[in-house]
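Here is what each chain is made of, one letter per residue.
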Amino acid sequence: MDYLPFTRPSIDEETIAGVADVLRSGWITSGPCVRQLEQELSQYFGGREVRAMSSATGALEIALSVAGVQPGDEVITTPLSWVATANVVLRAGAKPVFVDVDADTRNIDLERIEGAITGRTRALLPVDMAGLPVDRDRLYEVARRRGLRVIEDAAQSMGATWGGRRIGSFGDLVAISFHANKNITSGEGGCLVLTDAAETDLCTRLRLQGVVRLPDGNQEVEVAGGKHNLTDIAARIGLGQMKYLETFTERRRLLARRYFERFDTDSGCVLPVADFANCNWHMFQVLLPLARMRIDRGGFIQAMHQRGIGVGVHYPAMHLFGLYRKLGYNPGDFPQAERIGGTTVTLPLFPGMADADVDRVCAAVTEIIRDNKQ
Ligand SMILES: *Cc1c(COP(=O)(O)O)cnc(C)c1O
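Note that the structure is predicted; figures quoted are calculated from it, not measured.

1. What about the packing of helix α9 (residues 245-262) against helix α13 (residues 355-371)?
Two quantities define a packed helix pair, namely the angle between the axes and the distance from one axis to the other. Viewed as axis vectors pointing N to C, α9 and α13 meet at an angle of 35°, and their least axial separation amounts to 9 Å. As α9 runs across α13, the sense of the crossing is right-handed. On α13, the residues that touch R251, L255, R258, Y259 and R262 of α9 are D355, V358, D359, V361 and C362. Here the residues of the contact of α9 with α13 sort into five nonpolar, no polar and five charged.

Structure representation (structure tokens):
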């Protein structure tokens, strides 16, 4: 039987031909395709400013700079995310202050945010795990009341909505990823969505060495920008993907629905929140009943692999990594993130999957759990 990976990009022939055209054009780095992608993204995000980046990590680093996060500042975030979320805070010289996640949504627990705010808190950095949006009404209510910037790590949120509005079309600074595994991709890539003109200008400079080109042909540099620009090769892939965003999201929703229909509810697995309004179903993550199993998560993943099915782990709780332990975080600090991070597995979910693939995954999970009951 064919190997079923946990995700796989869907790239059409028109896009592949388009990339070949870029390669033949004589201009392969940032150029017309990047400008067109930024235009299409801006349109998608309701006319807001958009700057394409070589990654969402770069977009987050720039967002922290734009928001004025400085050494010694604190940024409140979730311990349950891809480690980029907290790494960028450290790289800005600031401290990531973790707040435990909600047991159901697996997103930062908004009830606990205020308790973590100190005089040094500069920004909130929430993550929409698996494309299930953090409650934007409550998030921005707290941010406004406490005078904090919000940097949305919406890396996984392309195509997600909140109350009918597209994530990215409102709010403060929003970082989106076009990494190969995300809902639409440019291979590697991402973007930052902004509103303020001066901040957009700063973002543009921080993206590429701080260089400003003057009308007389001269250049000026006033900030030490980095190297975060997207290539036209990548942007052309992104343009080819934009056309499919709605189709992809719809297909993901249908596949997720099928998981809920077919999943063996007696297996003891905990399924994600069944949100078919806002979530873009970036991933389908279940928590394994490991306490009642004779094998650990590694054993489960291996057993799935033997059945030709790929499984991911998104993510181990970050505060347990050595780097974060050195900041003073310890096991037991964030029980929900640790429980979820210790038992979560990501099952295959991508637009190119067949309905029958979902059935095959569900059958394999049921079988492995049944055969390895304690
Ligand atoms: C993918 C991801 C990132 C990083 O995106 P890149 O484009 O790979 O830099 C950051 N945060 C979260 C939550 C992600 O899923």
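2. Let's talk about the site of the ligand
Around the ligand, the surrounding shell holds 16 residues, and the nearest of these are T57, D153, Q156, S177 and K182. Between the ligand and Y315, the relevant distance is 3.4 Å, taken from an oxygen atom to a side-chain nitrogen or oxygen of the residue. Protein chains shield 95% of the accessible area of the ligand, which is 380 Å² for the free molecule. Contributions of two or more residues to the shell around the ligand are made by α3 (56-66) and α4 (84-91). Of the residues contributing to the shell around the ligand, the split by class is six nonpolar, eight polar and two charged.

3. Some remarks on the environment of G26
If you trace the backbone, G26 turns up in the loop between α1 (13-25) and α2 (32-44). Judged by its relative accessible area of 66%, G26 falls in the exposed class. When the C-alpha atoms of G26 and V223 are compared, they prove to be 30 Å apart, with 197 residues separating the residues in sequence.

4. Some words on the pairing of strand β5 (residues 149-153)
Burial within β5 is extensive, with four of its five residues counted as buried. Here β5 runs beside strand β8 (residues 173-177); their pairing, made up of three bridges, is parallel. The residue bridging D153 from the neighbouring strand is A175, located in β8.

5. Here's the deal with the nonpolar core
Counting 33 residues, the largest nonpolar core has I76, F98, I108, I113, L124 and L139 as the members making the most contacts within it. Going through the elements one at a time, β3 (95-98), α5 (110-116), α6 (136-146) and α12 (335-343) are the ones with two or more residues in this core. Inspection of this core shows a minimum of three residues originating in each of domain 1 (13-242) and domain 2 (245-371). Setting aside residues no more than four positions away along its own chain, F98 makes contact with T77, T78, P79, A86, M318, H319, Y324, Y329 and F334.

6. Describing the sheet that holds strand β1 (residues 49-53)
As summarised here, the arrangement of the seven strands in space is β1-β9-β8-β5-β4-β2-β3, forming an open sheet in which the pairing is mixed. Looking at strand neighbours, the two that pair on one side only are β1 and β3, the edges of this open sheet. For this sheet, the mean inter-axis angle between neighbouring strands, taken without regard to orientation, is 25°. As paired elements, strand β2 (residues 74-77) and β3 share four bridges and run parallel to each other.

7. A word on the pattern of salt bridges
All told, the structure shown has 24 salt bridges when counted by the stated rule. The shortest N-O distance in the salt bridge between R145 and E141 comes to 2.6 Å. Of this pair, R145 and E141 both sit in helix α6, four residues apart, roughly one helical turn. The class for E141 is partly exposed, based on a relative accessible area of 36%. Linking D359 and R262 is a salt bridge whose minimum nitrogen-to-oxygen distance equals 3.4 Å. Of this pair, D359 sits in helix α13 while R262 sits in helix α9, placing them 97 residues apart in sequence. Residue class for R262 comes out partly exposed when judged on its relative accessible area of 42%.

Cut-offs applied
- Residues numbered from 1 in each chain as written.
- Predicted model: local features only at pLDDT ≥ 70, side-chain atom pairs only at ≥ 80, totals over all residues.
- Heavy atoms only, no water.
- Axes fitted to C-alpha atoms, helices over the stretch in contact; angles between N-to-C directions.
- Helix = DSSP H or I, 4+ residues; strand = E, 2+ residues; numbered from the N terminus.
- Left-handed = near helix turned anticlockwise from the far one by under 90°.
- Contact = heavy atoms within 4.5 Å.
- Nonpolar A, V, L, I, M, F, W, Y, C, P; charged D, E, K, R; others polar.
- Near = heavy atom within 4 Å.
- Polar contact = N/O pair within 3.5 Å; in protein donor to acceptor, adjacent residues only side chain to side chain.
- Areas by Shrake-Rupley, 256 points an atom, 1.4 Å probe, with all protein chains shown as cover.
- Buried < 20%, exposed > 50% of the residue type's maximum accessible area, 1.4 Å probe, protein only.
- Pairing = 2+ DSSP bridges.
- Core = buried A, V, L, I, M, F, W, Y, C linked by side-chain atoms within 4.5 Å.
- Domains from an automatic or database assignment.
- Salt bridge = Lys/Arg side-chain N within 4 Å of Asp/Glu carboxyl O.

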